[in-house]
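Examination of the molecular architecture
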Amino acid sequence: MGVEGCTKCIKYMLFFFNFIFWLAGGVILGVALWLRHDPKTSNLLELELDGAQAPNTFYISVHILIAVGAVMMVVGFLGCYGAIQESQCLLGTFFACLVILFACEVAAGIWGFMHRDTVSKEMITFYDSAYDKAMTQSLTDPNNKKTATTVLKVFHETLNCCGKGLGTSILTSFTDAFSITDLCPSGSQKVNCHHRINELFSDKIYLIGIAALVVAVIMIFEMIFSMVLCCGIRNSPVY
């Protein structure tokens, strides 16, 4: 026989939370893979300008998220199996893994909060550099298609935007209209690219933050239940 009474209830609650934790790991893994292969971000983050790669801070965060999702699925399965088998060894290992994961998540959360605007700022700086070079090249040598022009058009077509601000949006649309340049997509409606870049990456950062918060709450409950169940198994006269 196994544990009885309230401890048995804790056992099934732990199993339930572990199952949710396992599902959350699968969801995080899926979301991370989607963020990694999303066409908009992929088109922008794989660009090169004069040998310099686009900032990859966002991809570093996504790769960490992929690893966390995979580890969560393994740890969630370990917790489910340990709860059903009422194994102190498995539950102790599960608790230790949870503590490590929780500490890593808190550290990543603090780092992410401190650098929440870094991705957008880096991409805006990269865009501004491409814009300045492309405009200069287009005006001084319109027949020579340079790398900067190609990079800039990828930004404009991917984000359906044009220019660094209202003034540059109007200027670029004007030079396009007179065939001096060919940089802005038709129908971009003069939306500046700084706004589009902030919108694209900020939304994804908040999505990551919400997922991390939900997982942290689940982990706290799991750590409590796993310790209570482990103590219950140890003290159970029928185990």
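That block above? That's the structure.
All values reported here derive from a predicted model rather than from experimental measurement.

**A short note on the pattern of salt bridges**
Under the defined criterion, the tally for this structure stands at two salt bridges. The partner of Lys164 in a salt bridge is Asp132, with the nearest N and O atoms 3.0 Å apart. Of this pair, Lys164 sits in the loop between helix H6 (147–159) and helix H7 (166–177) while Asp132 is found in helix H5 (residues 118–140), placing the two residues 32 residues apart along the sequence. Its relative accessible area of 23% is what places Lys164 among the partly exposed residues. The partner of Arg196 in a salt bridge is Glu199, with the nearest N and O atoms 3.7 Å apart. Separated by three residues within a single helix, Arg196 and Glu199 lie in helix H8 (residues 193–235), roughly one turn from each other.

**Side note on a nonpolar patch on the surface**
Residues Tyr12, Phe15, Phe19, Trp22, Leu23, Phe77, Tyr81 and Ile84 make up a contiguous nonpolar surface patch of about 770 Å² in total accessible area. Sorting the residues of the nonpolar patch by element identifies helix H1 (6–37) and helix H3 (57–85) as the ones contributing at least two each. Broken down by element, the nonpolar patch gets its largest block of residues, five residues, from H1. Relative to the helices and strands, Trp22 resides in helix H1. For Trp22, a relative accessible area of 31% puts it in the partly exposed group.

**Describing the environment of Glu105**
With respect to the helices and strands, Glu105 occurs in helix H4 (residues 88–114). Residue classification places Glu105 among the buried positions, given a relative accessible area of 18%. Among residues more than four places away in sequence, those in contact with Glu105 are Ala212, Leu213, Val215, Ala216 and Met219.

**Section: the state of the cysteines**
Using the criterion set out here, one finds one disulfide in the structure. Here Cys161 connects covalently by a disulfide to Cys193, the sulfurs 2.0 Å from one another. Sign of the S-S torsion, about 95° for the bond between Cys161 and Cys193, identifies this disulfide as right-handed. Note that Cys161 is positioned in the loop between H6 and H7 and Cys193 in helix H8, a separation of 32 residues in sequence. Across this residue pair, the class does not change: Cys161 and Cys193 are buried.

**Considerations on H8**
For H8, with 43 residues, the first-to-last C-alpha span of 63 Å sits near the 63 Å given by 1.5 Å per residue. Its side-chain oxygen placed 3.1 Å from the backbone nitrogen of His194, Asn192 serves as the N-cap of H8.

Here is what the cut-offs are and how they apply
Residues numbered from 1 in each chain as written. Predicted model: local features only at pLDDT ≥ 70, side-chain atom pairs only at ≥ 80, totals over all residues. Heavy atoms only, no water. Salt bridge = Lys/Arg side-chain N within 4 Å of Asp/Glu carboxyl O. Helix = DSSP H or I, 4+ residues; strand = E, 2+ residues; numbered from the N terminus. Buried < 20%, exposed > 50% of the residue type's maximum accessible area, 1.4 Å probe, protein only. Patch = residues over 30% accessible without salt bridge, like charges linked within 9 Å, V, L, I, M, F, W, Y side chains within 5 Å. Areas by Shrake-Rupley, 256 points an atom, 1.4 Å probe, with all protein chains shown as cover. Contact = heavy atoms within 4.5 Å. Disulfide = S-S within 2.5 Å. Expected span 1.5 Å × (residues − 1). Polar contact = N/O pair within 3.5 Å; in protein donor to acceptor, adjacent residues only side chain to side chain.

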